[in-house]
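# Examination of the molecular architecture
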Amino acid sequence: MRKQPKITDRTRELFIEAFWILYKEYPVEQIKIGELSAKAGYNRSTFYEYFTDIYDILHQAEDGLINEFKMRAVGKFPNGVKDGSYESIIRTLVELFDLLGEKLFLLIGENGDPSFQNKLRKQVNPFLQQMSGRSYGKYTDYVLSYSFSGAMGILKFWHENQQDLSKEEVVALLVSLITKGIWNTEC
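Here goes a summary of the coordinates provided. (Residues numbered from 1 in each chain as written. Predicted model: local features only at pLDDT ≥ 70, side-chain atom pairs only at ≥ 80, totals over all residues. Heavy atoms only, no water.)

### Examining the overall build of the chain
Along its length, the chain carries 8 helices and 0 strands. Going from the N terminus to the C terminus, the chain shows its helices and strands as α-α-α-α-α-α-α-α. Counting all 187 residues of the chain, 38% fall into the buried class. Taking contacts inside the chain between residues at least 6 apart in sequence as the whole, the part at least 24 apart equals 59%. Carbon and sulfur atoms provide 52% of the accessible area of the chain, an area that totals close to 11,200 Å². (Helix = DSSP H or I, 4+ residues; strand = E, 2+ residues; numbered from the N terminus. Buried < 20%, exposed > 50% of the residue type's maximum accessible area, 1.4 Å probe, protein only. Contact = heavy atoms within 4.5 Å. Areas by Shrake-Rupley, 256 points an atom, 1.4 Å probe, with all protein chains shown as cover.)

Spelled out as structure tokens, the structure:
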């Protein structure tokens, strides 16, 4: 029963914030509910009022991150991309990865959740298709998956290398790879 929704929402947020702090230090299977609860400022029993186990909080944190990603992306283009500009779409995605990067890269990094990238792809691909206004017939899902995986690989590598390229350079590289292909891209 939720008598005070603002308080219960805030409690859930505090647990998720504490989860992210610990997830930076430990793989999910090494995070202890007691330590997480203490970091959030509550006891274990309060944790179990909101989450069934550590994987439940992981999935809720992932879903929250995906929802924030989608909300911010759709907010940038409420009516789609008028000029069909891949650059504006890619620029927005790079900015979102830069903004949400720490959490995103925890999830796709070596201690991350292997299913997260697939979950994110399933949520982002329809957005990408809608934004681009293009269809590739029966190959659409393949083209979008290829583009998403390639972009994720570049963004992950960029993050791992302490963003050794500027955002503009990453945007230009991704736009070139998507519009010209790997063999016709000049760096």
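Now that the structure has been shown, the text picks up again.
### Here we look at the packing of helix α4 (residues 54-76) against helix α5 (residues 86-108)
Closest axis-to-axis distance for the α4/α5 pair is 10 Å, and the angle between their directions is 175°. Of the possible angle classes, the one that applies to α4 and α5 is roughly antiparallel. On α5, the residues that touch L58, E62, L65, E68, F69, R72, A73 and K76 of α4 are T92, L93, E95, L96, F97, L99, L100, K103, L104 and L107. Residue composition of the contact of α4 with α5, grouped by class: 11 nonpolar, 1 polar and 6 charged. (Axes fitted to C-alpha atoms, helices over the stretch in contact; angles between N-to-C directions. Parallel < 35°, antiparallel > 145°, perpendicular 65-115°, else oblique. Nonpolar A, V, L, I, M, F, W, Y, C, P; charged D, E, K, R; others polar.)

### Topic: the nonpolar core
F19, W20, Y23, L36, I57 and L120 are the most contacted members of the largest nonpolar core, which totals 50 residues. For this core, the element with the most residues is α5, which contributes 12 residues. Ignoring sequence-local partners within four residues, the contact set of L120 consists of I66, F97, L104, F148 and M152. (Core = buried A, V, L, I, M, F, W, Y, C linked by side-chain atoms within 4.5 Å.)

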